[in-house]
Amino acid sequence: MIAPHGSDSLNPLYVADDAARAKLQAEAEKLPSLLVSSAAAANAVMLGAGYFNPLTGYMNLADALSVAESMKTTSGLFWPVPIVNLTKDDSIKAGSRIALRDPNVDGHPVLAVMDVAAVEAVSDAQIQLMAEKIFGTLDPKHPGVATFTGQGNTLLSGAIQVLNYSYFPAEFPDTFRTAVQIRDEIKSRGWNTVVAFQTRNPMHRAHEELCRMAKERLNADGIVIHMLLGKLKPGDIPADVRDACIRKMVEVYFEPNTVMVTGYGFDMLYAGPREAVLHAVFRQNMGATHLIVGRDHAGVGSYYGPFDAQTIFEQVPAGALKIQIFGADNTAWSKKLGKVVMMREAPDHTPEDFINLSGTKVREMLGQGIAPPPEFSRPEVAKILMQYYQSIGG
């Protein structure tokens, strides 16, 4: 099986031993507390689950700036996005041991215990520098920029021990999986070549066929559909609806033991190219050998070029990642060929030769109870989406 990123074995920060976790939980209730941001909480979940191997906690300012500037820590570890705990609370002292409380669960239970190695003031200029490098823009309308720049100017760094995975196991018991669990299941299925597909949306016919194309062309043993389960921007389809759509599609249209439907507990960054590289890092950690990177992967609005998330991998130093990228163009149903194709592989086609609806048009149709054509969306999937859009008034 493919090795994790940066180490020979996966080192999740979740305290798996029941007795040790109970002891730490009891200690945590007596420690000073910090209610962290949703972004910092998501980082803790990913650290706990092994997705952010080999990190041992939140980065200090020097590492965060180095990662933003050059995609590597001060020690030389390749990493594409700062993993930080930024806060507006300036009362925490370096050398202290604190309980990190979850902002996304009622009662704010302890999510992790942190040994605070350093407390550093981050200037507005440094916040902006990091944001510009991560997101490629400082436009406050960009949802990732707004989130990152609004967390605060105090950076807490240090190792953490994770006590739970926030709301994800309770809300998505059949879907949320740690990197450890996915590795174990890949091994139990006997898969060697494994394709990961990232999604924060329901999968239409084109996405389904893209997964099938990648599996066939790479002679892969299986596909891991790995959906984001955390916070999204307003207007995105909720994870439970997306989950139902994807499971129905897999159940009806894929052969048994060829697809795993899973999810991970992280908030969407909308960081385009940088986020695509982060996706590759943590898909390697979960055991995938290949990641599908399509047009405008992890993008939002018109902030990124259609293939920026593919070309950024040319900046990844040789040997820094073991996972490989399957670069894809837009896929759509060809009226000429009677099947879904990558548009770049049909040079004799005009735009009119494809069935390719805009997201706005599809939402309008679904809200009116009109199913998109079956060449665009499987009817079973369209039915679930119509019910959702009609429930929210279109």
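Residues numbered from 1 in each chain as written. Predicted model: local features only at pLDDT ≥ 70, side-chain atom pairs only at ≥ 80, totals over all residues. Heavy atoms only, no water.

### Describing the overall build of the protein chain
Phase 1: For the protein chain, the helix and strand inventory stands at 13 helices and 15 strands.
Phase 2: For the protein chain, the C-alpha atoms occupy an extent of roughly 65 × 45 × 45 Å along the three principal directions.
Phase 3: For the protein chain, the proportion of its 394 residues judged to be buried stands at 55%.
Phase 4: Sequence-distant contacts in the protein chain: of pairs separated by 6 or more residues, those separated by 24 or more amount to 73%.
Phase 5: Accessible area of the protein chain: about 16,400 Å², with a carbon and sulfur share of 50%.
Phase 6: Within the protein chain, the 42 negative side-chain charges are centred at a point lying 2 Å from the centre of the 36 positive side-chain charges. (Helix = DSSP H or I, 4+ residues; strand = E, 2+ residues; numbered from the N terminus. Buried < 20%, exposed > 50% of the residue type's maximum accessible area, 1.4 Å probe, protein only. Contact = heavy atoms within 4.5 Å. Areas by Shrake-Rupley, 256 points an atom, 1.4 Å probe, with all protein chains shown as cover. Lys, Arg positive; Asp, Glu negative; His and termini not counted. Charge placed at Lys NZ, Arg CZ, Asp CG, Glu CD.)

### Concerning the packing of aromatic side chains
Phase 1: All told, the structure shown has 13 aromatic pairs when counted by the stated rule.
Phase 2: When the ring of Y51 is compared with that of F282, the centres are 5.6 Å apart and the planes differ by 75°; the resulting orientation is edge-to-face. You can see Y51 sitting in the loop between α2 (38–48) and β2 (57–58) and its partner F282 sitting in helix α10 (residues 273–285), a full 231 residues away along the chain.
Phase 3: For Y51, a relative accessible area of 0% gives the class buried.
Phase 4: Looking at F282, the relative accessible area reads 0%, which means it is buried.
Phase 5: Ring geometry for Y165 against F176: centres 5.4 Å apart, planes inclined by 50°, an arrangement best described as tilted. Placement of Y165 in the loop between β7 (154–162) and α6 (168–171) and of F176 in the loop between α6 and α7 (179–189) is noted, with a sequence separation of 11 residues between them. (Phe/Tyr/Trp six-rings, centres within 6.5 Å; stacked < 30°, edge-to-face > 60°.)

### Things to note about the side chain of S157
Phase 1: You can see S157 is positioned in strand β7.
Phase 2: Judged by relative accessible area, which is 3%, S157 ranks as buried.
Phase 3: Residue contacts for S157: discarding those within four places in its chain leaves Y58, M59, N60, M114, D115, V116, A117, A118 and E120.

### Structural notes on the nonpolar core
Phase 1: Core analysis: the largest hydrophobic core is formed by 127 residues, its most contacted members being Y51, F52, W79, M130 and I160.
Phase 2: Ignoring sequence-local partners within four residues, the contact set of W79 consists of H5, F52, N53, P54, L55, M59, V67, M71, K72, L278 and V281.
Phase 3: Among the nonpolar cores identified, the runner-up in size contains eight residues, and L24, L31, A99 and L163 belong to it. (Core = buried A, V, L, I, M, F, W, Y, C linked by side-chain atoms within 4.5 Å.)

### Quick word on the side chain of D353
Phase 1: Relative to the elements of secondary structure, D353 occurs in the loop between β14 (339–342) and β15 (354–355).
Phase 2: A relative accessible area of 16% places D353 in the buried class.
Phase 3: Apart from residues lying up to four places away in sequence, D353 is in contact with W333, S334, K335, K336 and D348.

### Focus on the packing of helix α9 (residues 239–253) against helix α13 (residues 379–391)
Phase 1: Orientation of α9 relative to α13, taken along the N-to-C sense of each, is 165°, at an axis distance of 8 Å. If you check the angle between α9 and α13, you find them roughly antiparallel. Crossing of α9 against α13: the hand is right-handed. The residues of α13 that touch α9, namely those facing V241, A244, C245, K248, M249, V252 and Y253, are P379, E380, V381, I384, L385 and Y388.
Phase 2: Partitioned by chemical class, the residues of the contact of α9 with α13 number 11 nonpolar, no polar and two charged. (Axes fitted to C-alpha atoms, helices over the stretch in contact; angles between N-to-C directions. Parallel < 35°, antiparallel > 145°, perpendicular 65-115°, else oblique. Left-handed = near helix turned anticlockwise from the far one by under 90°. Nonpolar A, V, L, I, M, F, W, Y, C, P; charged D, E, K, R; others polar.)

### Section: the pattern of salt bridges
Phase 1: Counting across every chain of the model gives 18 salt bridges.
Phase 2: One salt bridge connects R217 with E345, and the closest N-O pair in it is separated by 2.8 Å. Within this pair, whereas R217 is found in helix α8 (residues 205–217), its partner E345 is found in the loop between β14 and β15, the two being separated by 128 residues in sequence.
Phase 3: Each of R205, E208, E209, R212 and R378 takes part in salt bridges that share partners, so that together they form one network. (Salt bridge = Lys/Arg side-chain N within 4 Å of Asp/Glu carboxyl O.)

### Focus: the sheet that holds β14
Phase 1: With antiparallel pairing, three strands are arranged side by side in an open sheet as β14-β13-β15. Two strands bound the open sheet, and with one partner strand each, they are β14 and β15.
Phase 2: Inspection of the sheet shows strand β13 (residues 331–334) paired to β15 by two bridges, in the antiparallel sense. Looking at the pairing, W333 lines up with I355 of β15.
Phase 3: Contacts from α8 reach β13 and β14 within the one sheet, and its direction differs from that of β14 by about 70°. (Pairing = 2+ DSSP bridges.)

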